[in-house]
Amino acid sequence: MLAFIIRRVGQSILVLLIVGLVAFSMFRFIGDPIDNMLGQERTMEDVERLRAQLGLDQPFPVQYFRFLEGAVQGNFGVSYRQGRPVAEIILERAPATLELALVSGIFAVVLGIALGVFTAIRRQGIGANVIMAASLIGVSLPTFLIGILLIYLFSVELGWLPSFGRGQTVMIGENWSTGFLTESGLKALILPAITLGLYQMTLIMRLVRSEMLEVLRQDYIRFARARGLKDRAVYFRHALKNTMVPVVTVIGLQIGSIIAFAIITETVFQWPGVGLLFINAIQFVDIPVMAAYLMLISVMFVGINLIVDILYVFIDPRLRVDRAGAH
Amino acid sequence: MAELRVETVERAVEKGNWQRFRESDFFYSFKRSPVAIVSFAVVCILVLSAVFAPLIAPTNPFDPASLNLMNGFTPPMEPNAFTGESFFMGTDDQGRDVFSTILYGMRISLFVGAAAVLFAMTLGIVLGLVSGYFGGWTETIIMRIADVQLTFPSILVAMLIFGIAKGFTPVEYRDQMAIWVLILAIGLSDWVQFARVVRGATLVEKRKEYVAAARLIGRSPWAIMVKHILPNALSPVLVIATISLALAIIAEATLSFLGVGAPPTQPSLGTLIRIGQGFLFSGEWWILFFPACTLLALALSVNLLGDWLRDALNPRLR
């Protein structure tokens, strides 16, 4: 068990070091950083001084190590386009993305589980079949088209909801701007959250449905019915509970995807989050922002996978029993 | 006498190829599946109209001489208020015929999609064969990279690779190279599936006697891998390639829609949708609607064809 954890942590660190090397190479080899920082009018002394000051005259491994040191402390340099520290820009943008991801995550989990249970229980019903067919269409539509479709329906035709931006935001503390507290902020959240969560919702729904169908066939469900338990108790207390292990795993793994797909949703809705920042950085080749995003997203994905892998051994009692038996 | 008999046998085989195909299970299952026939027909029509776009398109949307700004924003099937010209799918803000831009855009989308899948397939097959056949350290390294890459969504990988590759391209070539950078990015984001399947098949095949026999008569490892093992692993590769093509077309459209794909000088379907979104609010729906429908029809029919192919080639499901 301990050996497994150590090996997994070691692998994760190796992956992050390699991603760091890629990010560092972008800094070092795309254009000359000195050119980017000093303007047209400069003397050779200035160049040499700045080169020494930034440590660019040091050997490659030393520079790489310094870059990692800075990255761990959240120091990714200054954005070429905005002229401000990258960490500051990302911190400013993070609340927008996190709030969007949270709302669409809740939407996906709650509606996904509810519809999954419904379609499993009423397998032959018209409603369940309609939902299953709709989910197929939903999966094959690209995210950005779903967003445009929703904008067309609810903003252009009906005029109910705003089509871009976050609405009015309120500052909580020093640096967290929230859209949860104003009416326009909440309204602005609805369409992006549905766009972002729809794919995950169908995924969870289909998973819950197939797991439920699997579980409902088993003997203990028949015995529960034979004991005269009510339908509700059978479905929710006995059946649903046993579908949760794979569902929780998938939900965990999908957290990363939600943040990644937020890039697309944020662009469609001009949502001022980290994803839109990243897309703009690619368009304008703003290397420090790109490198910082690359590092951030890798830390997140590698971290989530590591946690899910380790938790899996803890959650699934069968794995634990096997191990206890082996020792 | 003996020679003559050999000749007749050969001719029978030659003549039988088409017949054998028509009598095969594969063709039978195609004939029996309306979904497969319809989606195959749609794919054929779309691909042919993309290939022959210069012949079919009423105008060349990239030839400024053929454009008339007065024709801008003409609704579909209605004569223009100034010039009286009428367009099947209307025109965009610059007076370009939407139907023609879709035909040309589909060329870019299909080319990028097909080239990316071809690239991913080649890379995946080579890495899969090598790691399955040689094993050891090579296998560990290749499959570890594959595992790590699988934990990231492939659209994100494509975006990151596009950004990095764009950064490394000299500024003056960026627009010219954008299409190739796009192919590289989507291809690199998609090789893992191929490598895994080919590796799995190689692990099974390399234990069989015909491989041992080939090794005994002294064939080189590369000849064994490519000529003997690979043909036995091709049918799952074909299925993955078809489904990957649908995914690659959508990935390309997504990247171009986000403005990090095909340049405005070579608009793909995604770029056209991006342009069309700007006119959604002013009521010019057709600039967005027709490219979006084309993209959907293309991606959906390739996808359905892939699904059918998977069922038809999988003996366990038969």
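How each quantity is defined
- Residues numbered from 1 in each chain as written.
- Chains lettered and ligands numbered in written order.
- Predicted model: local features only at pLDDT ≥ 70, side-chain atom pairs only at ≥ 80, totals over all residues.
- Helix = DSSP H or I, 4+ residues; strand = E, 2+ residues; numbered from the N terminus.
- Rg over C-alpha atoms; globule rule 2.2 N^0.38 Å.
- Buried ≥ 20, exposed ≤ 12 C-beta atoms within 10 Å, placed from the backbone.
- Contact = placed C-beta atoms within 7 Å.
- Core = buried A, V, L, I, M, F, W, Y, C linked by C-beta atoms within 7 Å.
- Nonpolar A, V, L, I, M, F, W, Y, C, P; charged D, E, K, R; others polar.
- pLDDT = per-residue confidence, 0-100.
- Expected span 1.5 Å × (residues − 1).
- Bend = angle between axes of the 7 residues up to and from the residue.
- Axes fitted to C-alpha atoms, helices over the stretch in contact; angles between N-to-C directions.
- Parallel < 35°, antiparallel > 145°, perpendicular 65-115°, else oblique.
- Left-handed = near helix turned anticlockwise from the far one by under 90°.

**Student:** Pulling in residues and values, what's your account of the overall build of chain A?
**Tutor:** Scanning chain A from terminus to terminus reveals 14 helices and 2 strands. For 327 residues, the compact-globule estimate of 2.2 N^0.38 gives 20 Å, and chain A exceeds it by more than 25% at 25 Å. Overall, chain A is about 90 × 65 × 35 Å in size when its C-alpha atoms are taken along their principal axes. Looking at the 327 residues of chain A, the share that counts as buried comes to 34%.

**Student:** Account for the overall build of chain B, naming residues and giving values.
**Tutor:** In terms of regular secondary structure, chain B is built from 14 helices and 0 strands. The order of α-helices and β-strands along chain B, N terminus first, is α-α-α-α-α-α-α-α-α-α-α-α-α-α. In chain B, buried positions account for 43% of the 318 residues. Considering only intrachain contacts with a sequence separation of at least 6, the fraction spanning at least 24 residues in chain B is 68%.

**Student:** Please give an account of the nonpolar core that cites residues and values.
**Tutor:** All names here are of chain B. Judged by nonpolar contacts, the single largest core of 153 residues is most densely connected at Met159 and Leu182. With 18 residues, the top contributor of residues to this core is helix α5 (residues 98-134). When sequence neighbours within four positions are dropped, the list of residues in contact with Leu182 reads Val112, Phe162, Glu252, Leu255, Gly261 and Ala262.

**Student:** Please set out the interface of chain B and chain A residue by residue, giving values where relevant.
**Tutor:** With 27 residues of chain B at the contact, the number on the chain A side is 26 residues. Among the secondary structure elements, those contributing two or more residues to the side of chain B that touches chain A are α7 (154-168), α12 (234-257) and α14 (286-313) of chain B. Per element, the largest residue contribution to the side of chain B that touches chain A is 9 residues, and it comes from α7(B). A class-by-class count of the residues in the side of chain B that touches chain A yields 19 nonpolar, 7 polar and 1 charged.

**Student:** Please provide a residue-by-residue account of the confidence of the model for chain B, values included.
**Tutor:** Residue and element names in this part refer to chain B. The predicted model of chain B averages 81 in pLDDT, with 86% of residues at 70 or higher. Averaged pLDDT values for the elements of chain B fall to 60 in helix α1 (residues 2-23) and rise to 90 in α5. Across the whole predicted complex the pTM is 0.81, and at the interface the ipTM reaches 0.77.

**Student:** Before we move on, could you go through helix α7 (residues 143-157) of chain A and cite the residues and values that matter?
**Tutor:** The end-to-end C-alpha distance of α7(A), which contains 15 residues, comes to 20 Å, matching closely the 21 Å that a straight helix rising 1.5 Å per residue would cover. The largest bend in α7(A) comes to about 30°, at Ile151(A). Of the residues making up α7(A), those classed as buried are Thr143(A), Phe144(A), Leu145(A), Ile146(A), Gly147(A), Ile148(A), Leu150(A) and Ile151(A). On its buried side, α7(A) packs onto α8 (183-216) and α11 (244-268) of chain A together with α12, α13 (269-277) and α14 of chain B. Just downstream of α7(A), Gly159(A) is the residue with a positive phi angle, here 65°.

**Student:** Got a sec to walk through the packing of α5(B) against α12(B)? Specific residues and values, please.
**Tutor:** All names here are of chain B. Running from amino to carboxyl end, α5 crosses α12 at an angle of 135°, the nearest separation of the two axes being 8 Å. By the angle between their axes, α5 is oblique relative to α12. Between α5 and α12 lies a crossing whose hand is right-handed. Contacts between α5 and α12 involve Ser109, Val112, Gly113, Ala114, Ala116, Val117, Ala120, Met121 and Ile125 from the former and Val237, Ala241, Ser244, Leu245, Ala248, Ile249, Glu252 and Ala253 from the latter. Partitioned by chemical class, the residues of the contact of α5 with α12 number 13 nonpolar, 3 polar and 1 charged.

**Student:** Give a detailed account of the environment of Ala108(A), specifying residues and quantitative values.
**Tutor:** Residue and element names in this part refer to chain A. Along the chain, the position of Ala108 falls in helix α5 (residues 86-121). Spatially, the C-alpha atom of Ala108 lies 7.8 Å from that of Thr202, the residues being 94 residues apart in sequence. In contact with Ala108, not counting residues within four places along its chain, are Gly197, Gln200, Met201 and Ile204.

**Student:** Could you give an account of the environment of Tyr133(B), naming the residues involved and the relevant values?
**Tutor:** All names here are of chain B. Positionally, Tyr133 belongs in helix α5. Residues Tyr133 and Glu205 lie 72 residues apart in sequence; the distance between their C-alpha atoms is 9.3 Å. Ignoring sequence-local partners within four residues, the contact set of Tyr133 consists of Thr202, Lys206, Pro221 and Met225.

**Student:** Please set out unusual backbone geometry residue by residue, giving values where relevant.
**Tutor:** Here the phi dihedral of Gln270(A) falls at roughly 45°; this positive angle occurs in a residue that is not glycine. Judged by local crowding, Gln270(A) falls into the partly exposed class, with 13 C-beta atoms found within 10 Å.

**Student:** Can you break down the environment of Ala178(B) residue by residue, with the values?
**Tutor:** Here Ala178(B) is to be found in helix α8 (residues 174-188). It is 31 Å that separates the C-alpha atoms of Ala178(B) and Asp307(B), two residues lying 129 residues apart in sequence.

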